[in-house]
Amino acid sequence: MKKTVDVSIPLGPVHPCWKEPVRIKCETAGERVLRTEVELGYMKKGIERIMRGRPWQEVMFLAERVCGICSVIHNMVFIEAMEEISEIAVPPRAAYLRVIVNELDRMASHILANFSYCYTIEHETLAMYLLNTRETVLDNLERLTGSRINTAYMIPGGVRFDLLPEDAAAMLADLVKVEGEMRRHTGMFETGPLIALRSKGIGVMDREEAIRAHTVGPTARASGVVCDLRLRHPTYRELGFTQVTRTEGDNFARIMVRFQEVFQSIDLIRKCIDSLPDGPIRGGGLCKAGEVSYGGEAPRGELTYSIKTDEYGRVVDIAIRTPSIMNIEACAHSMIRDVTSIADVTSTFISSDPCIACNER
């Protein structure tokens, strides 16, 4: 029998382009990649086991530490799940403030994801520009919540801090700066000949493949799949949210979706500040016994918390389904397949914005 695989090439677990340890095993025929397998298991945290038996006040902080890049949405989904169980209402002003914080966090995550991609294809100039812009976003997250990463901003029935008028004015001014810089960065990405050679037509996954692989988030939306859970969230619906999609399904499209969603986040924050309702930021309420499965749209896609609590508000059981596990599997079996060169494997993997910390929670 003729041998079809020339050599097996492992990438990782320690690799200059990986933010976290993961290994990709590639079987190749010359430069062409025939099959890949993603090997996880290098940073298991066991955080779900730590959560069980603890009161919601402690689990709230643990939820944020599932992922440091998108910690706000973990806080938001957990708290809204507890509100669903306990039938706790959220004041309109607090609901709008939650959107502001969530979209600031989404911007920071998307900009970091695009930084990683540009760094991977060796466009270090654009990568550093993006990282610098991200600092302004994090400064505004700190301005409202007091922290740049783990904010612990949302609590059952509301939020911790209000947005002062002077802080709102400063945030709007910074958004003008961020928007201008991001338009410049997006233009560099769209028109750069190096970026086109390394991104367009690479790692293509069509809509049918994306649906079959159960991809979520920008990875799915870049292939034309309607899958944004913000379409179902009452506050986002009130703000007139619409989903960003593209149809190319390649590395270029996945990064462009994130660029476009950054501008969408800026518009949503402006809408929230301009129409911020008067009133309290906390409604109060007691956490009760119950069971629920509740989802929200993380920067990488659908995030679901399945929670069971007792009458004291303690978490009896919890399971977290993060978005990256579906996207990583899709990346291994659909995107990294017959790519032009083994050199494109790293950029294709990074284009799905994998989060190993989420997967190995």
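This structure is a prediction, so every number in the text was calculated from the model and none was measured.

**Quick word on the overall build of the chain**
Here is step 1: A count of helices and strands for the chain gives 14 helices and eight strands.
Here is step 2: Taken over the C-alpha trace, the chain has a radius of gyration of 21 Å; the compact-globule value for 361 residues is 21 Å, and the two agree within 12%.
Here is step 3: Buried positions account for 59% of the 361 residues belonging to the chain.
Here is step 4: Working note: accessible area of the chain is about 14,700 Å², and carbon and sulfur atoms make up 53% of it.
Here is step 5: Of the charged side chains in the chain, 44 are positive and 49 negative, and the gap between their average positions amounts to 3 Å.

**Overview of the pattern of salt bridges**
Here is step 1: Scanning all chains against the criterion turns up 25 salt bridges.
Here is step 2: A salt bridge links glutamate 103 to arginine 230, with the shortest nitrogen-to-oxygen separation between them at 3.3 Å. With glutamate 103 in helix α4 (residues 92-120) and arginine 230 in the loop between α9 (217-221) and α10 (234-238), this residue pair connects regions lying 127 residues apart in the sequence.
Here is step 3: Arginine 230 gets classed as buried once you look at its relative accessible area, which sits at 2%.
Here is step 4: Note that glutamate 135 and arginine 148 form a salt bridge whose closest N and O atoms lie 3.0 Å from each other.

**Observations concerning empty space enclosed by the protein**
Here is step 1: A complete count under the given rule lists one cavity of 30 Å³ or more for this structure.
Here is step 2: Of the voids in this model, the largest cavity is the one considered here, and its volume is about 60 Å³.
Here is step 3: Together, Trp18, Lys19, Glu20, Val22, Phe349, Ile350, Pro354 and Ile356 line the largest cavity.
Here is step 4: Its residues assigned to classes, the lining of the largest cavity shows six nonpolar, no polar and two charged.

**Quick notes on the pairing of strand β2 (residues 23-29)**
Here is step 1: Every second residue of β2 is oriented toward a common face, the buried set being Ile24, Cys26 and Thr28 and the non-buried set Arg23, Lys25, Glu27 and Ala29.
Here is step 2: With five bridges joining them, strand β1 (residues 7-11) and β2 adopt antiparallel strand pairing. Bridge pairing in β2 links leucine 11 to isoleucine 24.
Here is step 3: The pairing of β2 with strand β3 (residues 32-39) spans seven bridges and is antiparallel.

**Considerations on the environment of isoleucine 281**
Here is step 1: Position of isoleucine 281 among the secondary structure elements: in the loop between α11 (251-274) and β6 (290-298).
Here is step 2: Relative accessible area serves as the criterion here: at 14%, isoleucine 281 is assigned to the buried category.
Here is step 3: For the pair isoleucine 281 and arginine 230, spaced 51 residues apart in sequence, the C-alpha to C-alpha distance is 22 Å.

**Some points on the layout of surface pockets**
Here is step 1: Of the pockets and cavities examined, the largest pocket occupies roughly 280 Å³.
Here is step 2: Along its surface, the largest pocket is lined by 16 residues, and Glu80, Val90, His233, Pro234 and Thr235 are the ones closest to its centre.

**Topic: the sheet that holds β6**
Here is step 1: In spatial order, the strands read β6-β7-β8; together these three strands make up an open sheet with antiparallel pairing. Of all strands in the sheet, those with a lone pairing partner are β6 and β8 (315-321), marking the two edges. With direction set aside, neighbouring strand axes in the sheet form an average angle of 15°.
Here is step 2: Alignment of strand β7 (residues 301-309) against β8, held across six bridges, turns out to be antiparallel. By the bridge assignment for β8, lysine 308 is matched with aspartate 317.
Here is step 3: Sheet strands touched by helix α3 (residues 71-86): β6, β7 and β8. Its angle to β6, the strand with the most contacts, is close to 145°.

Rules used throughout
- Residues numbered from 1 in each chain as written.
- Predicted model: local features only at pLDDT ≥ 70, side-chain atom pairs only at ≥ 80, totals over all residues.
- Heavy atoms only, no water.
- Helix = DSSP H or I, 4+ residues; strand = E, 2+ residues; numbered from the N terminus.
- Rg over C-alpha atoms; globule rule 2.2 N^0.38 Å.
- Buried < 20%, exposed > 50% of the residue type's maximum accessible area, 1.4 Å probe, protein only.
- Areas by Shrake-Rupley, 256 points an atom, 1.4 Å probe, with all protein chains shown as cover.
- Lys, Arg positive; Asp, Glu negative; His and termini not counted.
- Charge placed at Lys NZ, Arg CZ, Asp CG, Glu CD.
- Salt bridge = Lys/Arg side-chain N within 4 Å of Asp/Glu carboxyl O.
- 1 Å grid on protein atoms, 1.4 Å probe; cavity = no way out; pocket = protein on both sides within 12 Å on 5 of 7 lines; lining within 4 Å.
- Points joined across faces, edges and corners; volume = space filled by probe spheres on them.
- Nonpolar A, V, L, I, M, F, W, Y, C, P; charged D, E, K, R; others polar.
- Pairing = 2+ DSSP bridges.
- Axes fitted to C-alpha atoms, helices over the stretch in contact; angles between N-to-C directions.
- Contact = heavy atoms within 4.5 Å.

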